[in-house]
Amino acid sequence: MKVVVLVKHVPCVIGDLSFATDLTVDRVGVRARLNEADELAVGQARRIALSRVDVRITAVTVGPVGAVDALRRALMLGADQGVHVLDEGLHGCDVLATSRVLAAAVVRLGFDLVLCGAASADSGMSAVPAMVAERLGVAVLCFADTLEVTRDGVEIRRDNGGGLEILAADLPAVVSVTERCGGLRYPSFAAIVSARHEFVRTWSLADLDIDAAEVGLRGAATVVRAVTPAAGGKNRVVVEGDASSTAVRMADFLAERQFL
Amino acid sequence: MGPVLVLVERSEADGTVCRSTCALLTIARRLGPPVAVLCGPVDAASIALLGRFGAATVCTVTSPEVDEYPAACRVETLVDLARRMSPTTILIASGRAGQEIAARVAVRLDSGIVTDAIDIRMGPDGPIAVQSVLAGSYLVESSIVRGVPVITIRTEAAAAEAAPVDPTVHKVDIEFPARGRATRLVSRVRNDAGHRPDLATAAVVVAGGHGIGSRDSFKLVDLVADALGGAVGGSHTATELGWCPRHAKIDQIGRIIHPRLYIALGISGSVRHQAAMQGAETIVAIDHDPAAPIFRVADFGVVGDLQQVIPELLTEIRRRKTQPVATAAGPPEV
């Protein structure tokens, strides 16, 4: 059984980021880590591998040179091999292009199950899993809070606000997991050391038969027109005093904003 | 100006049209004549509500797959309608289902997509979507240069304004391909949240934390929520202490909410809690500690004893509801 885990290298602190002159997020010199939900996806893959004998886990990432660290982390957490799609032409990819590159890499590797985090900490579009599945022409199960792999299918539970939904699909399938799915353990020292020496394959766009003009900033279907820092200067009011007068002032505030 | 396709979201409990759809229709009217896409049983009340918010056309899909393959069926419908009607934009409410449907429609139409927009306006060459990114520190304005723009919108903070029209109803038959059956819904288990709105989509959320003091006092949170027609949540501590069910934990790893009004009662406002509620449009907090971090994000804060302030607040709300003050009363919210 071939399990492919899609992982992303994301900045550690989201609030401190800024934008470069081409209106993409400036990632130079920013401390980054493997996206938390993706760590859990690797953990789930490992959990599946423990219950079967034939599982091979491949972690795939698309990103600049530093993104290889995300693969190293995935290798520590249980992935057997890593693939880094690295190409100058990838800079400024929109979500359509990213999903296209990922899907091409997954096809080249072959797959029974594709796992990934439900959202990335930096962009959080949650669009990649469904897009990859659509491109691969297979089932997608998004936002899995629990994941069970049966003999030839997969079943997830997800919280949809009002209750719990149980969804099922036959393999091959794409499943995105939330931070609630568990299965993550601290890697052993031996795993940490061996991950450092593991060979990570690097594929370019040409390796995936993708024309560089169709991805990156030039091929983007969504164009950022303007980026402005959000106005932080909200007018904040804090009142103190006896209970009835503060309660009246609070009711006034709620009424002013038309909540009463 | 071409039509704007708006995917109707319906309550799972009773099939009524959700408030999010009314807000979407309000936004859609800025871009062109809205066409509501209604999946599932067609009832007069739903059609009337869609008409009240300006949907001149309602396309209905009633095939049996609507329930069993909810996402795939909506994807097929939107793709089919987009090819037939060449709309200017497709609008979908943000949410787990909405995000998946939007992503798949965008791939099928090879269209640009913007998710979690907080506002949209019409630009010279199509809609311009505004997103709040990087933990709310930047506003990004994007436009879509290829295909039919697919945009998901956070509707919690968007106002729903009525603009009544008499809708024409079109029944749409879609061809449902075999591959659409790949993901099937096995079952649904509902939370016993009673009559309260769902936390994820509630316009008003009232949450309690450690400062509430005890499980018995947590009833005060329920009372405030009921007075304002809101949903109830709890901080990490309140859920760990068992005062509030786990599915209502408002936390970085619990529920992330974006209500129009968020009221924090006895919550200090840890980083993990703020990560889950900073998307709220208006934040109100009551706590005994004037140095609590929640007051740094609250629009309105009360430093005081919850046990005294909340009963006074409830009395005040009740008084105003029975005899509305002329200046305070606005039109009833949907």
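Note that the coordinates shown come from a computational prediction; the quantities given were computed from them, not determined experimentally. (Residues numbered from 1 in each chain as written. Chains lettered and ligands numbered in written order. Predicted model: local features only at pLDDT ≥ 70, side-chain atom pairs only at ≥ 80, totals over all residues. Heavy atoms only, no water.)

Each helix and strand counted, chain B has ten helices and 15 strands in total. Against the globule reference of 20 Å for 334 residues, chain B gives a C-alpha radius of gyration of 21 Å, in line with a compact fold. A principal-axis box enclosing the C-alpha atoms of chain B has dimensions of 60 × 45 × 40 Å. Burial status across chain B gives 55% buried among its 334 residues. A separation of at least 24 residues holds for 64% of the contacts in chain B among residues at least 6 apart in sequence. As displayed, chain B has an accessible area near 13400 Å², and 54% of this comes from carbon and sulfur atoms. (Helix = DSSP H or I, 4+ residues; strand = E, 2+ residues; numbered from the N terminus. Rg over C-alpha atoms; globule rule 2.2 N^0.38 Å. Buried < 20%, exposed > 50% of the residue type's maximum accessible area, 1.4 Å probe, protein only. Contact = heavy atoms within 4.5 Å. Areas by Shrake-Rupley, 256 points an atom, 1.4 Å probe, with all protein chains shown as cover.)

Let us now look at the packing of helix α4 (residues 70-85) of chain B against helix α5 (residues 96-109) of chain B. Residues and elements named next belong to chain B. Orientation of α4 relative to α5, taken along the N-to-C sense of each, is 40°, at an axis distance of 9 Å. With respect to each other, α4 and α5 are oriented oblique. The two elements α4 and α5 cross, and the hand of that crossing is right-handed. Facing A71, A72, R74, V75, E76, L78, V79, A82 and R83 of α4, the residues of α5 in contact are E100, I101, R104, V105, R108 and L109. The class makeup of the residues in the contact of α4 with α5 is nine nonpolar, no polar and six charged. (Axes fitted to C-alpha atoms, helices over the stretch in contact; angles between N-to-C directions. Parallel < 35°, antiparallel > 145°, perpendicular 65-115°, else oblique. Left-handed = near helix turned anticlockwise from the far one by under 90°. Nonpolar A, V, L, I, M, F, W, Y, C, P; charged D, E, K, R; others polar.)

For the structure on display, the rule yields four aromatic pairs over all chains. When the ring of F253(A) is compared with that of F300(B), the centres are 4.8 Å apart and the planes differ by 20°; the resulting orientation is stacked. With one member in each of two chains, F253(A) in helix α6 (residues 243-256) and F300(B) in strand β15 (residues 300-303) form a pair that bridges those chains. As far as burial versus exposure is concerned, F253(A) and F300(B) are alike and both buried. The ring of W203(A) is capped by R108(A), whose NZ or CZ atom sits 4.2 Å from the centre of that ring. (Phe/Tyr/Trp six-rings, centres within 6.5 Å; stacked < 30°, edge-to-face > 60°. Lys NZ or Arg CZ within 6 Å of the ring centre and 35° of its normal.)

With that settled, consider helix α5 (residues 189-197) of chain A. Residue and element names in this part refer to chain A. Those residues of α5 not exposed but buried are A191, I192 and A195. Taken around the axis of α5, the buried residues stretch over an arc of 100°, which confines them to a single face. α5 presents F189, A190, R196 and H197 as exposed residues on the side facing more than 90 degrees away from its buried surface. (Arc of directions from axis to C-beta.)

A word on the sheet that holds strand β6 (residues 126-133) of chain B. The ten strands lie next to each other as β13(A)-β7(B)-β6(B)-β5(B)-β8(B)-β4(B)-β1(B)-β2(B)-β3(B)-β9(B), forming an open sheet whose pairing is mixed. Of all the strands in the sheet, the pair left with one neighbour each is β13 (222-229) of chain A together with β9 (168-171) of chain B. Along the sheet, successive strands turn relative to each other by an average axial angle of 35°, direction set aside. Of the strand pairs in this sheet, strand β5 (residues 113-123) of chain B and β6(B) are connected by six bridges, and their pairing is antiparallel. Residue pairing in the sheet places R121(B) in a bridge with I128(B) of β6(B). Sheet strands touched by α4(B): β1 (4-7), β2 (34-39), β3 (57-61) and β4 (89-93) of chain B. Its angle to β1(B), the strand with the most contacts, is close to 170°. (Pairing = 2+ DSSP bridges.)

Residue and element names in this part refer to chain B. Topologically, T57 is positioned in strand β3. Classification of T57 as buried rests on a relative accessible area of 18%. Here T57 is in contact with P34, V35, A36, T168 and H170, once residues within four sequence places are set aside.

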